[in-house]
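Each chain, letter by letter, is given below.
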Amino acid sequence: MQIEINDQTYEVTSEPDTPLLWVIRDELGLTGTKYGCGLAQCGACSVMVDGVVMRSCVTPLDSVEGAKITTIEAVEQDEIGQRVVEAWVARQVPQCGYCQSGQVMAATALLKETAHPSDEDIAAAMTNLCRCGTYNAITAAIRDVAGETREG
């Protein structure tokens, strides 16, 4: 089966029901996408499929055939993704950093869909878990990209 990841076409040999996460990490060696819970709850495995954020740990390989998949390795090739990463660095968002690739993917997808998200939009879109509790810094970074910097 062929899949397109980060603007490159790959011939993969995994079974059609293999979770996309394992194809990305194990077969293709793109290790920025992390395994967290395996239940689509934490979001560490978030990627974009045709611009929509998805949890790759529960997304079967055969469901993304013909789709354009973006992982953290290529998020900065997108103008908004680059701005998100810059805001993450400026706000020093990561603590341990484990969940942050998924957080960046979710924030990028949100900002591509809604350039100036409300607090409610941010809360609804940013459902990824962070055990370090960097939620305030994540929200501040998203506001920075949206041009709506607020203290607090």
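Residues numbered from 1 in each chain as written. Predicted model: local features only at pLDDT ≥ 70, side-chain atom pairs only at ≥ 80, totals over all residues. Heavy atoms only, no water.

*Asks:* Quick one: what's the story with the packing of helix α3 (residues 100-113) against helix α5 (residues 135-146), residue by residue and with numbers?
*Replies:* In contact at an axis separation of 11 Å, α3 and α5 are set at 35° when each is read in the N-to-C sense. Between α3 and α5 the crossing geometry is right-handed. Taken together, the residues of α5 that come into contact with α3 (itself represented by Q100, Q103, A107, L110 and L111) are I138, I142, V145 and A146. Broken down by class, the residue content of the contact of α3 with α5 amounts to 7 nonpolar, 2 polar and no charged. (Axes fitted to C-alpha atoms, helices over the stretch in contact; angles between N-to-C directions. Helix = DSSP H or I, 4+ residues; strand = E, 2+ residues; numbered from the N terminus. Left-handed = near helix turned anticlockwise from the far one by under 90°. Contact = heavy atoms within 4.5 Å. Nonpolar A, V, L, I, M, F, W, Y, C, P; charged D, E, K, R; others polar.)

*Asks:* I'd like a description of the packing of helix α2 (residues 79-90) against α5, backed by residues and values.
*Replies:* The description of two helices packed together rests on the angle between their axes and the distance between the axes. Direction vectors running N to C along α2 and α5 enclose 130°, while the axes themselves pass 9 Å from each other. Taken together, the axes of α2 and α5 lie oblique to each other. In this structure, α2 meets α5 at a crossing whose hand is right-handed. Here α2 contributes R83, V84, A87 and W88 to the contact with α5, which in turn contributes I138, A141, I142, D144 and V145. Class assignment of the residues belonging to the contact of α2 with α5 gives a composition of 7 nonpolar, no polar and 2 charged. (Parallel < 35°, antiparallel > 145°, perpendicular 65-115°, else oblique.)

*Asks:* Could you give an account of the pattern of salt bridges, naming the residues involved and the relevant values?
*Replies:* As enumerated under the stated definition, the model contains 4 salt bridges in all. Salt-bridge contacts for K68 lead to D7; the nearest nitrogen and oxygen are separated by 3.1 Å. One end of the pair, K68, is in strand β5 (residues 68-70); the other, D7, is in the loop between β1 (2-5) and β2 (8-11), and 61 residues separate them in sequence. Among the ionic pairs, D78 bridges to K112, the shortest N-O distance being 2.6 Å. Note that D78 is positioned in the loop between β5 and α2 and K112 in helix α3, a separation of 34 residues in sequence. Given the relative accessible area of 24%, D78 is considered partly exposed. (Salt bridge = Lys/Arg side-chain N within 4 Å of Asp/Glu carboxyl O. Buried < 20%, exposed > 50% of the residue type's maximum accessible area, 1.4 Å probe, protein only.)

*Asks:* Tell me what's going on with the nonpolar core, and back it up with residues and numbers.
*Replies:* If you look at the biggest cluster of nonpolar residues, it comprises 22 residues, and the most contacted ones within it are V84, W88, V104, M126 and I142. Listed by contribution, the elements that provide at least two residues to this core are α2, α3 and α5. Sort the elements by how many residues they give to this core and α3 lands first, with 7 residues. Residues I5, I24, L30 and V64 belong to the second largest nonpolar core, which totals 14 residues. (Core = buried A, V, L, I, M, F, W, Y, C linked by side-chain atoms within 4.5 Å.)

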